[in-house]
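Notes for the structure review
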Amino acid sequence: MHDLACPHCEPNPTENELRTGVVRFGFFIRAVDQKRHQRYRCRRCGRTFSSATYSPSFRQKKRHLNGLVMMYYASGVSQRRLAINLRVNRKTIVRKFEFLAKWAELFSKADLNNFAPATDVLIDELETFEHTRLKPLSVLVAIEKGRRILGFTIAQHPARGPKAAFSRVKYGPRRDTRRGAREKLFEELSPHISPHAEVCSDLCPHYGPSIRKFFPEATHKVFKGRKAAVIGQGELKVGGFDPLFDINHTLAMLRANVNRLFRRTWNTTKKAQRLHQHLAIYVLFHNWKLVNPMPNAIIV
Ligand SMILES: [Zn+2]
């Protein structure tokens, strides 16, 4: 008799039903990697399942590629090039992208609990677009000093400057969702940021009210934005010591490693949702492999 929960039955079995339990029911050798898996039979519903049923990569035929796909997605390689280099169909790569993004997001959320609430926080935004520059997107990133990414959020806003009028004519009015997205991110991060934290940002006037709303006892320090250095992906700044260096460097790493954020890229984001998924993959790789390397971390 085993304590395993039957995946086919009701999620909350009564005491009596638990007692009937599941029993061992032979085993099988998984074809794709020759691993032995125990099979079980539920005495309540009579259906069977196995120790492989609970794996995140259940029923995947190319599970051995998951780690590689994750690594390359977080290292600026495009979907087409991945398919060619790994000798698989492009649809396999697209499916893995969605699978990895889903798990990366769950892992990153769970990983926040492994750290004490952050006391030194830096926030900033990165500008990009979906489909055309007439439809701009803004990615707000919050990090802890030392460059661990705490979270990010993507919002849309109307085009600015000379493109604004043309954008309205061609695509109609575009809503500004930055405030809602920012406050949702702050709310999600509030258990992981110390109430007395020091939050540093540039002069953007929108941050102050949101910070005071969710972290009323925190100190908000603002620094004047500086001209971008020629090197540094437009994110690193000229003029010696930069108090916002950690966040600027993190944004530069996003620009250098997420191909849809490259400057002058032709791998543009077609949908904001895809950018969100890609960033989720990058963030986990960044936190686990680049900033605070965990050599034995098995990502999927
Ligand atoms: Zn059952």
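Being a predicted model, the structure only gives us computed values, none of them experimental.

Details of the packing of helix H2 (residues 66–73) against helix H3 (residues 79–86)
With their axes 11 Å apart at the nearest point, H2 and H3 run at an angle of 140° to one another. In the packing of H2 onto H3, the handedness of the crossing is right-handed. Facing H2, whose interface residues are Leu68, Val69, Tyr72 and Tyr73, H3 presents Gln79, Leu82 and Leu86. Taken together, the residues of the contact of H2 with H3 break down into 6 nonpolar, 1 polar and no charged.

Overview of a nonpolar patch on the surface
A cluster of nonpolar residues, Leu68, Met71 and Tyr72, forms a patch on the protein surface that exposes about 220 Å² of accessible area. Counting through the fold element by element, Met71 comes out in helix H2.

Regarding the coordination of the zinc ion
Within the protein, the zinc ion binds to Cys6 (SG), Cys9 (SG), Cys42 (SG) and Cys45 (SG); these donor distances fall in the range 2.1 to 2.4 Å. For the zinc ion, the 4 donor atoms are set out with angles of 103 to 115° between them, so the coordination reads as tetrahedral. Counting the intervening residues between successive donors of the zinc ion yields the motif C-x2-C-x32-C-x2-C. The exposure class assigned to Cys42 is buried, which follows from its relative accessible area of 3%.

A short note on the side chain of Thr132
Turning to its location among the elements, Thr132 is positioned in the loop between strand E4 (118–129) and strand E5 (136–144). Since its relative accessible area comes to 15%, Thr132 is described here as buried. In this structure the side chain of Thr132 is engaged in a polar contact, spanning 2.9 Å, whose partner is the backbone nitrogen of Leu134.

Considering the sheet that holds strand E3 (residues 48–50)
The antiparallel open sheet is built from 3 strands, whose spatial order is E1-E2-E3. In this open sheet, the two strands that pair with only one neighbour each are strand E1 (22–29) and E3. On average, adjacent strands in this sheet sit at an angle of 30° to one another, irrespective of strand direction. Summarising the sheet, E1 and strand E2 (residues 36–42) pair through 6 bridges and their orientation is antiparallel. Pairing of Val23 across the sheet is with Arg41, part of E2.

Quick word on the domain arrangement of the protein chain
Annotation of the protein chain at the domain level lists domain 1 (1–54), domain 2 (59–114 + 271–300) and domain 3 (116–269). With centres defined by C-alpha atoms, the gap from domain 1 to domain 3 works out at 47 Å.

A closer look at the packing of aromatic side chains
Within a pair of aromatic rings, the relevant descriptors are the distance that separates the centres and the angle that separates the planes. On inspection of all chains with the given rule, the structure shows 7 aromatic pairs. Relative to Trp288, the ring of Phe107 has its centre 5.9 Å away and its plane inclined at 15°; by these criteria the two rings are stacked. Highlighted residues: Phe107 in helix H4 (residues 90–111) and Trp288 in helix H9 (residues 272–291), separated in sequence by 181 residues. On the basis of relative accessibility, which here comes to 12%, the residue Trp288 falls in the buried class. Every member of this aromatic cluster is reached through a ring pair, and the members are Tyr40, Phe49 and Tyr54. Across from the ring centre of Tyr171, 4.8 Å away, lies the NZ or CZ of Lys135, which sits over that ring.

Here's the deal with the pattern of salt bridges
Evaluation of the coordinates by the stated rule reveals 12 salt bridges. Glu130 serves as the salt-bridge partner of Arg174, at 2.8 Å between the closest nitrogen and oxygen. In this pair, Arg174 is assigned in the loop between helix H5 (163–171) and helix H6 (178–189) and Glu130 in the loop between E4 and E5, connecting sequence segments 44 residues apart. The exposure classification of Arg174 matches that of Glu130, with both residues buried. What emerges from the salt-bridge pattern is a single network uniting Arg179, Glu183 and Lys213.

Considerations on the environment of Ser55
In this structure, Ser55 sits in the loop between E3 and H2. Here Ser57 takes part through its backbone nitrogen, which lies 3.1 Å from a polar atom of the side chain of Ser55.

Topic: the nonpolar core
Counting 42 residues, the largest nonpolar core has Val69, Ile93, Val141, Leu254 and Leu279 as its most contacted members. Elements that contribute at least two residues to this core include exactly H2, H3, H4, E4, E5, strand E6 (148–156), helix H8 (245–257) and H9. Among the elements that make up this core, the one with the highest residue count is H9 (9 residues). Two domains each provide a minimum of three residues to this core, namely domain 2 (59–114 + 271–300) and domain 3 (116–269). Each residue touching Leu254, except ones within four places of it in the same chain, is listed here: Leu126, Val141, Leu261, Leu279 and Tyr282.

Thresholds, definitions, all that
Residues numbered from 1 in each chain as written. Predicted model: local features only at pLDDT ≥ 70, side-chain atom pairs only at ≥ 80, totals over all residues. Heavy atoms only, no water. Axes fitted to C-alpha atoms, helices over the stretch in contact; angles between N-to-C directions. Helix = DSSP H or I, 4+ residues; strand = E, 2+ residues; numbered from the N terminus. Left-handed = near helix turned anticlockwise from the far one by under 90°. Contact = heavy atoms within 4.5 Å. Nonpolar A, V, L, I, M, F, W, Y, C, P; charged D, E, K, R; others polar. Patch = residues over 30% accessible without salt bridge, like charges linked within 9 Å, V, L, I, M, F, W, Y side chains within 5 Å. Areas by Shrake-Rupley, 256 points an atom, 1.4 Å probe, with all protein chains shown as cover. Salt bridge = Lys/Arg side-chain N within 4 Å of Asp/Glu carboxyl O. Donors = N, O, S within 2.8 Å, 3.2 Å for Na, K, Ca; no water. Tetrahedral: all angles 85-135°; square planar, octahedral: opposite > 155°, others 65-115°. Buried < 20%, exposed > 50% of the residue type's maximum accessible area, 1.4 Å probe, protein only. Polar contact = N/O pair within 3.5 Å; in protein donor to acceptor, adjacent residues only side chain to side chain. Pairing = 2+ DSSP bridges. Domains from an automatic or database assignment. Phe/Tyr/Trp six-rings, centres within 6.5 Å; stacked < 30°, edge-to-face > 60°. Lys NZ or Arg CZ within 6 Å of the ring centre and 35° of its normal. Core = buried A, V, L, I, M, F, W, Y, C linked by side-chain atoms within 4.5 Å.

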